[in-house]
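As a plain string of letters, each chain reads:
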Amino acid sequence: MTDAPSERPVVWTIAGSDSGGGAGIQADLNTFRSFSCHGCSVITTVTAQNSVEVMGLYELSGNAIEKQLNCLLNDLPPAAIKIGLLSNHEQLDVVVEFLQRWPDTVKRPFVVWDPVMITTQNDTLSTLTLAQSHRLLALVDLITPNTDELSWLAGTEVSDKISALNAVSEVIKKGANSVLVTGVETEQYGKNKIVDIYLSKRPLLDEPYLVYSQEKVATNNNHGTGCTLSSAIAAASAQGYPTEDAITLANAYVHQGLLRASGIGKGPGPVAHTLWPNNLKHFPHIEATNLPAPTSAFPKLNKSPGLYPVVDSFKWVQHLLQLGVRTLQLRIKGKPSDSIELEIKRSIELARSYQAQLFINDHWQLAIKHGAYGVHLGQEDLQTADLQALHSYGLRLGISTHSYTEILIALRYTPSYIALGHIFATQTKEMPSKPQGLERLARYVALLKPTGIPTVAIGGISKERIAKVKQTGVNGIALVSAITKAANTEAAINELHQELEAAHVD
């Protein structure tokens, strides 16, 4: 059922070696393996280290690091790079110059920098100065400092959410593209919460920042959390996930690793390295500040969505209702007008007479006005739609998603269903994201199954693909061209129903 590439993406770690095996390249390589990536290592520093203390630091020369970098580039170019410990300015200079002269013939990787300065045991690892570190900021896609490291990078103390936001803004002004500050403790989210804050020059949904919050895990076995988080972000990015999703997955991976961590040695044990996160209880709560507060749960569907055509006119709605379709969506693009309102009004009235589940795309005011069964909204529409009004009028709500992050945002509103797309390349509309594919669809469906919220797959799904899509466990399959461009609509509907009924979930 997978459509994933046969070869594992290559991810590099440029970092120090932890002889105790809990952090550094050892943690990074374990993480890469968990995310089905091939890990390569460029060692900057060898440490004599156990779970209690660091007894020795042996810094490699700039020449030794450069040899490793060039050797790997010649044969194993990376999809992503995680940068960890750089012990001195010579090491940093080599990495900076290497990234600056990246060849045009090789695709530039996603680069994450975890600015490691001290160990879990508070042993100093690096002599880099603030001015030296700023040379690397603009060359990486994301930096992942904890609050102490952020204080150092920004030159200002970080003690809470407000000071963290101010410090991140300063680091972005100094050249950083995006920053994830980790481990912010603030009572705004509760005493038992730990918070990560993400800011970017290219934000999701024009969002100034995203807040990822988790329940604190009561464990002393937290060695290597920063290394593991940043390497998980790099690995998820190498697998093609956008930055917000890479952070979401990494957050979940670390959380489940902390829950399963056990002590090895006399000091803090390492974060456990597990499998791809697949349980909602490990995923963070995500707050997007320009989205409305959650409502009570929206009403449930009367029946499973099943075959779910998406059409653009009353005539199509009428035709499909006459052919026995009972779940469908009217998607008419454009600003509200008299003609659009008439199409929507007539469609709602006719669907009601058939006791059909008709969802109105986008035009939520008209849906309320004419008593629609439901409304379908995209992520950007959540910023402007009056969700409280939709809920109070008893409308069902479907929400489009294209990623883990958007799924978690949608879940805050407990919608009537969640649409997952686009699964395959589609010609029906411009899509900013890449096709999700069957493997991701299966992961999304499995993640959402315990919630009981129905899922609908959409995007590029033809009759020939229905069986494989259905095997992921989705409750509904949205179709556009397979119906609207069919030579014989009635025959197409019958064939699509037969394909759905014949398909089974293993």
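Keep in mind it's a predicted model, so treat the numbers as computed, not measured. (Residues numbered from 1 in each chain as written. Predicted model: local features only at pLDDT ≥ 70, side-chain atom pairs only at ≥ 80, totals over all residues. Heavy atoms only, no water.)

Caption draft 1: Just the overall build of the chain, in detail. The number of helices and strands found in the chain is 17 helices and 18 strands. If one aligns the C-alpha atoms of the chain with their principal axes, the spans along those axes are about 80 × 45 × 40 Å. In the chain, of all internal contacts separated by at least 6 residues, the share reaching a separation of at least 24 is 66%. A total of about 21,600 Å² of accessible surface is found on the chain, and carbon and sulfur atoms cover 49% of it. The chain carries 42 positive and 47 negative side-chain charges, and their two centres are separated by 7 Å. (Helix = DSSP H or I, 4+ residues; strand = E, 2+ residues; numbered from the N terminus. Contact = heavy atoms within 4.5 Å. Areas by Shrake-Rupley, 256 points an atom, 1.4 Å probe, with all protein chains shown as cover. Lys, Arg positive; Asp, Glu negative; His and termini not counted. Charge placed at Lys NZ, Arg CZ, Asp CG, Glu CD.)

Caption draft 2: Spotlight on the state of the cysteines. The final tally for this structure, using the stated rule, is 0 disulfides. Sulfur of Cys-71: no disulfide; nearest cysteine sulfur belongs to Cys-40 and is 9.4 Å away. The exposure class assigned to Cys-71 is exposed, which follows from its relative accessible area of 51%. (Disulfide = S-S within 2.5 Å. Buried < 20%, exposed > 50% of the residue type's maximum accessible area, 1.4 Å probe, protein only.)

Caption draft 3: Just the packing of aromatic side chains, in detail. Counted according to the given criterion, the structure contains 13 aromatic pairs. Measuring from centroid to centroid gives 5.1 Å for Phe-35 and Trp-276, while their planes differ by 55°, and the two rings are tilted. Here Trp-276 lies in the loop between helix 8 (243-259) and strand 10 (285-288) and Phe-35 lies in the loop between helix 1 (24-34) and strand 2 (38-49), a separation of 241 residues in the sequence. For Trp-276, a relative accessible area of 11% corresponds to the buried category. Among the aromatic residues, ring-to-ring pairing joins Phe-35, Tyr-241, Tyr-253, Trp-276, Phe-283, Tyr-404 and Tyr-444 into one connected group. Between the NZ or CZ atom of Arg-443 and the centre of the ring of Trp-276, over which it lies, the distance is 3.7 Å. (Phe/Tyr/Trp six-rings, centres within 6.5 Å; stacked < 30°, edge-to-face > 60°. Lys NZ or Arg CZ within 6 Å of the ring centre and 35° of its normal.)

Caption draft 4: Structural detail: the pattern of salt bridges. Within this structure, the stated rule accounts for 11 salt bridges. Across the pair Asp-93 and Arg-135 runs a salt bridge whose closest N-O atoms are separated by 2.5 Å. Remark: Arg-135 occurs in helix 4 (residues 130-137) and Asp-93 occurs in helix 3 (residues 89-100); sequence separation between them is 42 residues. Owing to a relative accessible area of 36%, Arg-135 belongs among the partly exposed residues under this scheme. (Salt bridge = Lys/Arg side-chain N within 4 Å of Asp/Glu carboxyl O.)

Caption draft 5: Structural context of the sheet that holds strand 16 (residues 417-421). Taken in spatial order, the 8 strands of this closed barrel run 11-12-13-14-15-16-17-18, and their pairing is parallel. Within this sheet the neighbouring strands show an average axis-to-axis angle of 25°, counted without direction. Of the strand pairs in this sheet, strand 11 (residues 306-311) and strand 12 (residues 327-330) are connected by 2 bridges, and their pairing is parallel. Opposite Val-310, over in strand 12, you have Gln-329 as the bridge partner. Lying over the sheet, helix 14 (residues 437-448) contacts strand 16 and strand 17 (455-458), oriented at roughly 165° with respect to strand 16. This element, helix 17 (residues 489-502), spans strand 11 and strand 18 (476-479) of the sheet and lies at about 145° to strand 11. (Pairing = 2+ DSSP bridges. Axes fitted to C-alpha atoms, helices over the stretch in contact; angles between N-to-C directions.)

Caption draft 6: Quick peek at the packing of helix 5 (residues 147-154) against helix 6 (residues 161-173). Two elements in contact, helix 5 and helix 6, have axes whose closest approach is 9 Å; the angle formed by their N-to-C orientations is 45°. Comparing the axis directions of helix 5 and helix 6 gives the class oblique. The handedness of the crossing between helix 5 and helix 6 is left-handed. Note on element contacts: helix 6 touches helix 5 through Ala-164, Ala-167, Val-168, Glu-170 and Val-171, opposite Leu-150, Leu-153 and Ala-154. Of the residues belonging to the contact of helix 5 with helix 6, the class tally is 7 nonpolar, no polar and 1 charged. (Parallel < 35°, antiparallel > 145°, perpendicular 65-115°, else oblique. Left-handed = near helix turned anticlockwise from the far one by under 90°. Nonpolar A, V, L, I, M, F, W, Y, C, P; charged D, E, K, R; others polar.)

Take it as geometry only, folks, not as evidence of what the structure does.
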